[in-house]
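Residue-level listing of the chains:
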Amino acid sequence: MKAWDIALKDLILSWRSAFALIFMFGVPLLVTGMFYFMFGNITTEGGFDLPKTKVVLANLDQGGPKFQFRPKDLAGARQATTLGELIVVILESEEMRELLDLSY
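Figured I'd write up the structure that's included with this text. (Residues numbered from 1 in each chain as written. Predicted model: local features only at pLDDT ≥ 70, side-chain atom pairs only at ≥ 80, totals over all residues. Heavy atoms only, no water.)

The secondary structure content of the protein amounts to four helices and two strands. Secondary structure elements of the protein occur, N-terminal to C-terminal, as α-α-β-α-α-β. Counting all 104 residues of the protein, 11% fall into the buried class. Counting contacts in the protein only where the partners sit at least 6 residues apart, residues at least 24 apart contribute 38% of the total. Element-wise, carbon and sulfur atoms account for 65% of the exposed surface of the protein, whose accessible area totals about 9,200 Å². (Helix = DSSP H or I, 4+ residues; strand = E, 2+ residues; numbered from the N terminus. Buried < 20%, exposed > 50% of the residue type's maximum accessible area, 1.4 Å probe, protein only. Contact = heavy atoms within 4.5 Å. Areas by Shrake-Rupley, 256 points an atom, 1.4 Å probe, with all protein chains shown as cover.)

Attention now moves to a nonpolar patch on the surface. A surface patch of nonpolar side chains, amounting to about 600 Å² of accessible area, comprises Leu30, Val31, Met34, Phe35, Met38 and Phe39. Among the structural elements, methionine 34 can be located in helix α2 (residues 18–39). (Patch = residues over 30% accessible without salt bridge, like charges linked within 9 Å, V, L, I, M, F, W, Y side chains within 5 Å. Salt bridge = Lys/Arg side-chain N within 4 Å of Asp/Glu carboxyl O.)

What follows concerns the packing of aromatic side chains. Inspection of the entire model under this criterion finds three aromatic pairs. Arranged with centres 4.7 Å apart and planes meeting at 50°, the rings of phenylalanine 19 and phenylalanine 23 form a pair that is tilted. Here phenylalanine 19 and its partner phenylalanine 23 are both found in helix α2, four residues apart, which amounts to about one turn of the helix. Overall, the relative accessible area of 47% leaves phenylalanine 23 in the partly exposed class. With centroids separated by 5.5 Å and ring planes inclined at 70°, the aromatic side chains of tyrosine 36 and phenylalanine 37 adopt a geometry described as edge-to-face. (Phe/Tyr/Trp six-rings, centres within 6.5 Å; stacked < 30°, edge-to-face > 60°.)

At a minimum axis distance of 5 Å, the contact between helix α1 (residues 2–16) and α2 shows a crossing angle of 85°. Looking at the two axes, α1 sits roughly perpendicular to α2. The segment α1 lies against α2, with Ser14, Trp15 and Arg16 engaging Ala18, Ala20, Leu21, Met24 and Phe25. A per-class count over the contact of α1 with α2 returns six nonpolar, one polar and one charged. (Axes fitted to C-alpha atoms, helices over the stretch in contact; angles between N-to-C directions. Parallel < 35°, antiparallel > 145°, perpendicular 65-115°, else oblique. Nonpolar A, V, L, I, M, F, W, Y, C, P; charged D, E, K, R; others polar.)

Put into structure tokens, the structure is as follows:
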């Protein structure tokens, strides 16, 4: 019963503290409001435009004897013998082409 008494006393002290009330209710509302004003007009202007990321690709992987994966798990994957080749296949895929600008 002592644990419940201590917990009740701490809850009562928390509700009496202005500092605790500000951090329990004021700060979350303030942060939510800030994010609304920073990113709130994205949907009304027609969307979010993400620029392509420039990536320089150098595959220097020598591979190992126990590399195994199922090519059918990846769309458009060819038979890769090293993990480096698998990463190249993923980065060159149709889904990544609109996000990445690859150079070799």
